[in-house]
Structure formats: C-alpha cells, structure tokens
Amino acid sequence: MALNHVMNKYYQLHSSIPIKWQNDSVNIEIKDICFVEGYNRHLTFHLLNGDIYEIVGKITEYYNKLKNYGFVRSHQGYIVNMYHIKEFNENEIKMKNGETVLLSVRNRLKVKETYYDFITRR
C-alpha cells in the first residue's frame with residue numbers, strides 16, 4: 001500500500017504533457033506548470049521559471065488532462081496548479097512565480113475548499 005502511494009507521487013511529479021508549439025512538439029513537465037490561461041480557443045501555459053507557451057486548444061480538454069495532478073479551475077479561463085499557489089485574495093490567486101490569476105466569485109468557495117483539502121492530503 002505504501003509503495004503504491006510512493007509510486008503514484010513519483011508519477012505525478014515526473015509526468016509531462018505534450019503540446020504542439022511553433023510547428024514542433026514539446027513535452028512540458030506538469031510540475032513546472034504554474035497555471036494555464038485560456039481565451040477564445042487559445043491557451044497560454046505559464047511555467048514556474050517564467051517560460052510561456054501559447055497553443056490552440058480548449059481549456060476544458062486540458063483541465064480534464066491536468067485535474068488529477070493537483071490542478072483546479074479557478075475561473076472559466078484559468079486552470080491553476082495548487083502546488084504553486086502562494087496566497088488567496090478576494091478575487092485573485094497569487095502564484096509562486098509572482099503572477100496573479102482570476103478567482104471567480106462563483107468558484108471561490110469550491111476552489112478554496114479543494115485547495116485546503118489538497119494541502120491537508122499532502
């Protein structure tokens with residue numbers, strides 16, 4: 001049982017997601033993604049080191065791929081990596097990379113509950 005837990009943690013920390021960027025295929029390590037911003041079928045991946053990758057895609061599709069890796073949907077246009085949340089404000093989430101992400105009024109309570117549950121399980 002403990003070995004399964006360790007293997008799952010290792011898998012979560014060392015998984016990557018392939019994206020098509022500038023006519024090339026790039027594998028982004030999931031642990032390095034701070035948040036994903038989506039607008040009008042364009043997605044912007046903001047990484048912890050400051051790198052940015054812009055692709056065409058649907059935010060719901062990528063949320064479904066990332067939600068099992070500690071990501072939460074804070075707003076209709078944002079997917080946030082809970083590992084990189086620094087603090088919550090009234091309508092924003094401050095990330096460890098210094099950027100802020102919108103937190104919708106409708107999702108605020110659910111996002112905070114999901115985050116606190118995530119922190120206690122870690």
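Residues numbered from 1 in each chain as written. Predicted model: local features only at pLDDT ≥ 70, side-chain atom pairs only at ≥ 80, totals over all residues. Heavy atoms only, no water.

A. Just the packing of aromatic side chains, in detail. Applying the stated criterion across every chain, the model contains six aromatic pairs. Centre to centre, the rings of Phe35 and Tyr78 are 6.1 Å apart; their planes meet at 50°, and the pair counts as tilted. Of this pair, Phe35 sits in strand β3 (residues 33–39) while Tyr78 sits in strand β7 (residues 78–81); the two residues are 43 residues apart in sequence, bridging distant segments of the chain. You'll find Phe35 and Tyr78 in the same group, each marked buried. Connected via pairs of aromatic rings, a cluster forms that spans Phe88, Tyr115 and Tyr116. Its end group placed over the ring of Tyr62, Lys65 keeps NZ or CZ at 4.5 Å from the ring centre. (Phe/Tyr/Trp six-rings, centres within 6.5 Å; stacked < 30°, edge-to-face > 60°. Helix = DSSP H or I, 4+ residues; strand = E, 2+ residues; numbered from the N terminus. Buried < 20%, exposed > 50% of the residue type's maximum accessible area, 1.4 Å probe, protein only. Lys NZ or Arg CZ within 6 Å of the ring centre and 35° of its normal.)

B. Representation of the sheet that holds strand β5 (residues 52–56) within the structure. The strand order across the open sheet built from five strands is β5-β4-β3-β7-β6, with neighbouring strands paired in antiparallel fashion. Both edges of this open sheet fall to β5 and β6 (71–75), since each of them pairs with a single strand only. Sheet twist, expressed as the mean angle between neighbouring strand axes with direction ignored, is 20°. By the bridge criterion, five bridges tie strand β4 (residues 42–47) to β5 in an arrangement that is antiparallel. (Pairing = 2+ DSSP bridges. Axes fitted to C-alpha atoms, helices over the stretch in contact; angles between N-to-C directions.)

C. Structural view of the environment of Ile30. Considering the arrangement of structural elements, one finds Ile30 in the loop between β2 (24–29) and β3. With relative accessibility at 4%, the residue Ile30 sits in the buried group. Along the chain, Ile30 and Ser15 lie 15 residues apart, while their C-alpha atoms are 5.9 Å from each other. Once you skip the residues sitting within four places of it in the chain, Ile30 turns out to touch Ser15, Ser16, Ile17, Leu66, Tyr69, Phe71 and Asn81. (Contact = heavy atoms within 4.5 Å.)

D. Summary view of the side chain of Ser104. Within the fold, Ser104 resides in the loop between β10 (100–102) and α3 (108–121). Since its relative accessible area comes to 14%, Ser104 is described here as buried. Those residues in contact with Ser104 that sit more than four places away from it in its chain are Ser74 and His75.

E. Representation of the pairing of β6 within the structure. Two strands pair when backbone bridges link them, and β6 and β7 are joined in this way by four bridges, in the antiparallel orientation. Counterpart to Arg73 in the pairing with β7 is Ile79. A loop of two residues connects β6 with β7, the two strands running antiparallel in sequence.

F. Up close: α3. Taking 1.5 Å of rise per residue, 14 residues should cover 20 Å, and α3 covers 20 Å from first to last C-alpha, within 8% of that figure. What α3 keeps buried is the set Arg108, Val111, Tyr115 and Phe118. Down the axis of α3, the buried side of the element spans an arc of 100°, and every buried residue falls inside it. Within α3, the exposed residues directed more than 90 degrees away from the buried face are Leu109, Lys110, Thr120 and Arg121. Packing partners of the buried residues in α3 comprise β6, β8 (85–88) and β9 (92–95). (Expected span 1.5 Å × (residues − 1). Arc of directions from axis to C-beta.)

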